[in-house]
Amino acid sequence: MAVMPAIIPPPLLQLPPNPRTLLLEKCKSLRDLRQIHAHLIKTGSFLHHSTFENILECSALLLPNSMDYALKLFDQNPQPHTEAFNIMIRAFILSRFPTNAVLLFLRMLASSIKPDKHTFSCILKACSRLNSVEIGKQVHAYAVKCGLACEDFVLNSLIHMYASCGDVFDARKLFDKITERGIVTWNAMFAGYFKVESWQEVVTLFHDMLALGAEFDEVTLISVLTACGRLGVLDLGQWIDVYVHENGLQSNQNLATSLVDMYAKCGQVEKARNLFNEMASRDVVAWSAMISGYSQWSQCREALKLFHDMQISGVEPNEVTMVSVLSSCAVLGALETGKWVHSYLRRKQLKMTVNLGTALVDFYAKCGFIADALETFTKMPQKNAWSWTVIIQGLASNGRGEEALKFFSFMLEADFQPNELTFMAVLSACSHAGLVDEGKRFFHSMGSIYGVEPSIEHYGIMVDMLGRSGLVQEAYDFVIEMPVKPNAVIWRTLLASCKIHKNVEIGEESLKQVVKLEPKQSGDYILLSNIYASVGRFEDAVRLRNQMKEKGIRKTPGCSSVEVDGVMHEFFAEDSAHPLWKEIYEKVDEMMMRIKEAGYVCDVAEARLDAEEEEKELSVSHHSEKLAIALGLLRSTPGAVLRVWKNLRVCRDCHVATKLISKVYGREIVVRDRNRFHHFKDGFCSCNDYW
Ligand code: ZN
Ligand code: ZN
């Protein structure tokens, strides 16, 4: 290679034929540009082909804030060439005015200036920015007419345009035509599938890529990892993990975040956390991936703990973080944290998206704050079918079945299509409110009017509805005639209604069927044994409990928690592990005495079967929810709402007792049991004793 002579910058007055280098060197500001412009006009070389393009490029692309000047320059040229048009089109795209780029392209065609491959590449980019496949298709047709559509350069831009507009079908047709696909082409195709969430196509395309031995990069891997997470394809995700580590790519933050996300979504939360911990720095996407991983796999306490760490680290949460945090709060009933999220959204004036609004409504409804749920729902600027379903479900499970049905009719009026989940909410509203006829009508109209075929869950709610309202025989017949094979849940539901209505015969049959399907569930045996006890057949009850022991089926211990000053306290029945246990038991004694004065009679049928007769009442008074309520009364500020969480269903006695406690102590008590919320106030419960 010949050694280039040192370039001695010529004086301004003697411009070389190609003054680009000089312009780049000399022109540091708009002022310099003006001087050069004036000089060019004076010397008569302004309209010289390449000189003009150089000064235009300098103004439009290289100097900041000089686009207006570039436009002036451009308008001063009566006959700009293709290159000049290209510069301006590029400048419009870079400065985010894709519409102007398209308009300029039309002006170019109108003045019969021939576009070249660069023009097409730029203008297709403008179509992507505008997300307009219609304009894109016209540009494509014009490129064919100009004989440029087969140039790889233009083809790549076409694929990118179609893919980024979500037209993966047309993108793929062109993609398959290219014989020499560069990494850019592949990634454009991946981006297209990514955009329309065709995750399976992403994985298949990556396998094709590997089979062909084509080169890939970080961008490719991020698309594929996302797809693996969505599809739960762990093995390919792990393969990429190994590849990343073997090639020392783990310091790429986006790639590391995608790995965390993939493992979290595939249920390998532990592994995700290890990678998360190893990351040198974590942005909001990484934090959100980990938090939503925990929340998705029901590790809600971990999710909130990590959210706390995130706040300490000073990273600002985004929508994804907030939705995961709210759903964890809803599961745990972590009211304070959830409320904090709401006030944070208000303070930061973050946009109330559909997802965020729906998560908030769900959170309030699940925590028993139906008024706040309704207010949030009403204020949501946009709603979708899911938002409506959540509010209907929320009303139903807070004992406001009739209102839930009213909202269902509003939903239909607002032209939202109800889905499977909506009907589950509607039917459970009917079930909880005892609206059997309405329930039957909705059940029959689901498939015929709304095209939603009832699933086993819908049948289950129907069984529950009939059983609760005392139609145990009809419920049994319904189960026998179901077109789908009844599962354990259905039989268990029937068993539970047999307990409420003391139906021994159907109860025995139901347990027989449940045990065939799921032999090891303690709750089922206990239900039947309680049925025996409730009709005075104590020997049968004890026999059944002994059978349980012989089969090695252990009872799930009842456990209740209460939140005091933001800390959760956990209790088991007759538990003395709490540091304040003495005071708690004294409080329980006081509580029981005061509600007795208000008419409480202990329901000894809820006592441990092995409790001696005289111990029975005491044993019932030491159920975990009563201990939790006692601590709540002891330690919370007077008048504050008490919130209790119970892992099993609230027992009949505790339900009666809690109603009276709410009246005697003038406290609202919200109990969330395994099935629903109970909002106790002034001696009544929101479930209308229907749970
Ligand atoms: Zn109880
Ligand atoms: Zn209740």
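Residues numbered from 1 in each chain as written. Chains lettered and ligands numbered in written order. Predicted model: local features only at pLDDT ≥ 70, side-chain atom pairs only at ≥ 80, totals over all residues. Heavy atoms only, no water.

1. Side note on the coordination of the zinc ion (ligand 1)
1) Next: At the metal site, the zinc ion (ligand 1) is ligated by His623 (ND1), Cys651 (SG) and Cys654 (SG), and these contacts range over 2.1 to 2.3 Å.
2) Next: Read N to C, the donor residues that coordinate the zinc ion (ligand 1) are spaced as H-x27-C-x2-C. Remark: Cys651 occurs in the loop between β3 (642-646) and α36 (652-664) and His623 occurs in the loop between α34 (616-621) and α35 (624-635); sequence separation between them is 28 residues. Like His623, the residue Cys651 is buried in the burial classification. (Donors = N, O, S within 2.8 Å, 3.2 Å for Na, K, Ca; no water. Helix = DSSP H or I, 4+ residues; strand = E, 2+ residues; numbered from the N terminus. Buried < 20%, exposed > 50% of the residue type's maximum accessible area, 1.4 Å probe, protein only.)

2. What about the environment of Asn546?
1) Next: Note that Asn546 resides in helix α32 (residues 538-550).
2) Next: Residue classification places Asn546 among the partly exposed residues on the basis of a relative accessible area of 35%.
3) Next: Distance from Asn546 to Glu668, taken between C-alpha atoms, is 40 Å for residues 122 residues apart in sequence.

3. Brief notes about the pattern of salt bridges
1) Next: Here the structure, examined in full by the defined rule, presents 27 salt bridges.
2) Next: For Glu151, the salt bridge identified is with Lys117, shortest N-O distance 3.9 Å. Within this pair, whereas Glu151 is found in the loop between α8 (133-145) and α9 (152-164), its partner Lys117 is found in helix α7 (residues 117-130), the two being separated by 34 residues in sequence.
3) Next: Judged by relative accessible area, which is 32%, Glu151 ranks as partly exposed.
4) Next: Taking relative accessible area as the criterion, Lys117 reaches 31% and is therefore assigned partly exposed.
5) Next: Residue Arg492 is joined to Glu518 by a salt bridge in which the shortest nitrogen-to-oxygen separation is 2.8 Å. One end of the pair, Arg492, is in helix α29 (residues 488-500); the other, Glu518, is in the loop between α30 (504-517) and α31 (522-534), with 26 residues separating them in the sequence.
6) Next: Taken together, the shared-partner salt bridges connect Lys137, Asp167, Asp170 and Lys173 into one network. (Salt bridge = Lys/Arg side-chain N within 4 Å of Asp/Glu carboxyl O.)

4. Some remarks on the packing of aromatic side chains
1) Next: Summed over all chains, the structure comprises 29 aromatic pairs.
2) Next: Judged by centre distance (5.4 Å) and plane angle (70°), the rings of Phe206 and Phe216 are edge-to-face. Taken together, the residues span a long stretch of sequence, with Phe206 in helix α12 (residues 199-212) and Phe216 in the loop between α12 and α13 (218-231) at a distance of ten residues.
3) Next: Phe216 sits in the buried class, given a relative accessible area of 13%.
4) Next: When the ring centre of Phe276 is taken as origin, the NZ or CZ atom of Arg282, which lies over that ring, is 4.9 Å away. (Phe/Tyr/Trp six-rings, centres within 6.5 Å; stacked < 30°, edge-to-face > 60°. Lys NZ or Arg CZ within 6 Å of the ring centre and 35° of its normal.)

5. Focus on the packing of helix α3 (residues 49-62) against helix α4 (residues 67-76)
1) Next: It is the contact of α3 with α4, at a shortest axis distance of 8 Å, that shows an interaxial angle of 155°. In terms of their interaxial angle, α3 and α4 are classed as roughly antiparallel. For the pair α3 and α4, the sense of crossing is left-handed. Seen from α3, the contacting residues are Phe52, Ile55, Leu56, Ser59 and Ala60; seen from α4, they are Met67, Tyr69, Ala70, Leu73 and Phe74.
2) Next: Here the residues of the contact of α3 with α4 sort into nine nonpolar, one polar and no charged. (Axes fitted to C-alpha atoms, helices over the stretch in contact; angles between N-to-C directions. Parallel < 35°, antiparallel > 145°, perpendicular 65-115°, else oblique. Left-handed = near helix turned anticlockwise from the far one by under 90°. Contact = heavy atoms within 4.5 Å. Nonpolar A, V, L, I, M, F, W, Y, C, P; charged D, E, K, R; others polar.)

6. Overview of the side chain of Glu563
1) Next: Looking at the secondary structure, you find Glu563 in strand β1 (residues 559-564).
2) Next: Buried charge Glu563 goes without a salt bridge, the closest partner of opposite sign being Arg643 at 6.1 Å. (Lys, Arg positive; Asp, Glu negative; His and termini not counted.)

7. Some thoughts on the pairing of β1
1) Next: Most of β1 sits out of view: six of its six residues are buried.
2) Next: Residues Cys559, Ser561 and Glu563 of β1 are buried on one face, and the alternating residues Ser560, Val562 and Val564, pointing to the opposite face, are buried as well.
3) Next: With six bridges connecting them, β1 and strand β2 (residues 567-572) associate as antiparallel partners. Following the sheet pairing, Val564 is matched in β2 by Val567.
4) Next: Looking at chain direction, β1 and β3 are connected through three bridges and run antiparallel. (Pairing = 2+ DSSP bridges.)

8. A look at the sheet that holds strand β5 (residues 677-681)
1) Next: If you trace the six strands from one edge of the open sheet to the other, you get β2-β1-β3-β4-β5-β6, paired in mixed fashion. Either end of the sheet is taken by a strand with one partner, and the two such strands are β2 and β6 (684-685).
2) Next: The sheet contact formed by β5 and β6 spans two bridges and is antiparallel. Bridging from a neighbouring strand, Phe680 pairs with Cys685 of β6.

9. Side note on unusual backbone geometry
1) Next: Even without a glycine there, the phi angle at Glu197 is positive, about 60°.
2) Next: Within the secondary structure, Glu197 sits in the loop between α11 (183-195) and α12.

10. Focus on the layout of surface pockets
Empty space among the atoms can be located by rolling a probe the size of a water molecule over them.
1) Next: Taken as a whole, the second largest pocket spans an internal volume of roughly 600 Å³.
2) Next: The wall of the second largest pocket is formed by 22 residues, among which Asp261, Lys265, Ser292, Val320 and Ser324 lie closest to the centre.
3) Next: Secondary structure elements with two or more residues in the lining of the second largest pocket: α13, α15 (253-265), α17 (284-296) and α19 (319-332).
4) Next: The dominant element in the lining of the second largest pocket, judged by the number of residues it contributes, is α17, at six residues.
5) Next: Each residue belonging to the lining of the second largest pocket can be placed in one class, and the counts come to six nonpolar, twelve polar and four charged. (1 Å grid on protein atoms, 1.4 Å probe; cavity = no way out; pocket = protein on both sides within 12 Å on 5 of 7 lines; lining within 4 Å. Points joined across faces, edges and corners; volume = space filled by probe spheres on them.)

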